[in-house]
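An overview of the molecular structure
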Amino acid sequence: MTIGSSGSIGIEDMAARLVEVPGVAGVMLGGSRARGEHAPDSDWDLGVYYRGPLDVDRLRGLAAEVVGGPVEVAGPGGWGPWVNGGAWLDVDGQAVDWILRDVDRVRTVWEDCRAGRYEVGMQIGHPLGFWSPCYVGEVALGRVLADPGGELGRLRAELVCYPEPLREALTAGAVWEAGFLVANAAKSARRGDVLHVSLCLSRAVGLLVQALFAHHRRWCLNEKGALAAVTGMREAPAGFVGRAAALLGELGGGAGELGARVAGAGVLVDEVRAVVGG
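Throughout, a residue's number is its position along its own chain's written sequence, starting from 1. Confidence filtering applies because this is a predicted model: local features only for residues at pLDDT of at least 70, side-chain atom pairs given and counted only at 80 or more, and all residues used for totals across whole chains, interfaces and linings. Each side-chain value is worked out from all heavy atoms of the structure, with water and hydrogens disregarded.

Attention now moves to the side chain of His215. Mapped onto the fold, His215 is located in helix 8 (residues 194-215). Residue contacts for His215: discarding those within four places in its chain leaves Arg167, Thr171, Glu235, Val275 and Val276. Secondary structure elements follow DSSP: runs of H or I of four or more residues count as helices, runs of E of two or more count as strands, with numbering from the N terminus. The contact rule is simple, with two residues in contact once any of their heavy atoms fall within 4.5 Å.

Take the packing of helix 4 (residues 103-114) against helix 5 (residues 133-141) next. Between two packed helices, what matters for the description is the angle formed by their axes and the separation of those axes. The axes are straight lines fitted to the C-alpha atoms, using for helices just the contacting stretch, and the angles between their N-to-C directions are given from 0 to 180°. Where helix 4 contacts helix 5, the axes come no closer than 8 Å and their chain directions differ by 105°. As far as their axial angle goes, helix 5 and helix 4 are roughly perpendicular. In contact with Arg105, Val106, Val109, Trp110 and Cys113 of helix 4, helix 5 contributes Pro133, Tyr135, Val136 and Val139. Polar here means any residue outside two lists: the nonpolar Ala, Val, Leu, Ile, Met, Phe, Trp, Tyr, Cys and Pro, and the charged Asp, Glu, Lys and Arg; Gly therefore counts as polar. Within the contact of helix 4 with helix 5, the residues separate by chemical class into eight nonpolar, no polar and one charged. Any angle between 65 and 115 degrees counts as roughly perpendicular, while under 35 counts as roughly parallel, over 145 as roughly antiparallel, and the rest as oblique.

On average, residues of the protein score 91 in pLDDT, and 95% of them reach the 70 mark or higher. pLDDT: the predictor's confidence for each residue, scored from 0 to 100. Mean pLDDT values over the elements of the protein span from 52, in strand 1 (residues 2-3), up to 98, in helix 4. Considering only residues more than four positions removed or in separate chains, one finds that residues 4-8, a stretch of pLDDT under 50, has eight contacts.

Because an α-helix packs 3.6 residues into every turn, residues spaced three or four apart end up facing the same way. Within the sequence span of helix 6 (residues 151-158), burial applies to Glu151, Leu152 and Leu155. The buried residues of helix 6 occupy an angular sector of 90° when the element is viewed end-on, so they sit on one face. Contact partners of the buried residues in helix 6: strand 3 (24-30), strand 4 (44-50), helix 4, helix 5 and strand 9 (143-146). Exposure classes here rest on a 1.4 Å probe applied to the protein chains alone. A residue is buried below 20% of its type maximum, exposed above 50%, and partly exposed in between. Taken from the helix axis, the directions to the C-beta atoms give the arc we talk about.

Inspection of the secondary structure assignment puts Ala87 in strand 5 (residues 86-91). The class for Ala87 is buried, based on a relative accessible area of 0%. Considering only alpha carbons, one finds Ala87 and Val73, 14 residues apart in sequence, at a separation of 4.8 Å. Apart from residues lying up to four places away in sequence, Ala87 is in contact with Val71, Glu72, Val73, Trp79, Val96, Asp97 and Trp98.

Time to look at the packing of aromatic side chains. Between the rings of Phe, Tyr and Trp (Trp by its six-membered ring), a pair exists once the centres lie within 6.5 Å; its type follows the angle of the planes, with under 30 degrees stacked, over 60 edge-to-face, and the other angles tilted. Taken as a whole and judged by the stated rule, the model has seven aromatic pairs. Ring geometry for Trp79 versus Trp88: centroids 4.8 Å apart, planes at 25°, classification stacked. A relative accessible area of 62% places Trp88 in the exposed class. Consider the rings of Tyr118 and Trp131, whose centres lie 5.8 Å apart with planes at 10°: the pair is stacked. Note that Tyr118 is positioned in the loop between helix 4 and strand 7 (120-123) and Trp131 in strand 8 (residues 126-131), a separation of 13 residues in sequence. Since its relative accessible area comes to 26%, Tyr118 is described here as partly exposed. Residue Trp131 is classed as buried on the basis of its relative accessible area of 6%. Ring pairs connect the aromatic residues Trp82, Phe130 and Tyr135, which therefore count as one cluster. Over the face of the ring belonging to Trp82 we find Arg105, whose NZ or CZ atom lies 4.0 Å from the ring centre. Any Lys NZ or Arg CZ found within 6 Å of a ring centre and within 35 degrees of that ring's normal is scored as a charge over the ring.

What follows is the structure, given as structure tokens:
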């Protein structure tokens, strides 16, 4: 498996170099390439799992060697409390992302998921918020590239079954919040408040998508492509994707049109509630 138009850089070789950095426990390939859903120009997402002190200077040196010049590398927490840190590299015109993950924190989130607990944090680049189960889903759906101590392999083996407590908590919480948002949007629609209605409806649709993923015991990593993925789910309201997309189309036309959109969102909430049993 190679990166770049020249085909001269092996992704496995890069992973092997990364685990030589003090603090790095293992490396996983994630994103669409790990799932086999990528396009030729899709990014290469490498999860760099670390424990304890991480030698960020060594990471910077390796990044500079890979791209042939200085590269900005954000250490732990440099990109926010959930995305954490990493680097965006350009290797022969191909985007390669290093994404830092604290392996102990991932395991803590896994224990929370097994107990039916999850968090949603505000994070730049995640308009629906960063959902903590993403940490677990990245391991479950990723491909181990380098794992000297077997840490990632052992963790991945534990993730064969989606935790039932998480499914129950996430479906119930997401559908309840979606209904609450639609009720608020109804009040704003009567005033013609396009901004508040659009924000409420977009988040409500995102929450319903999260609920459907959890109901089908599937990990939802982020918003990108999540709505389209509902098309292949066995138990979902008829025409959910098209109806949701119509709700999120251009809003305008005054209170009447806004009210109609909100009413349609309310129907979707009820139908998803019926599907997930919330």
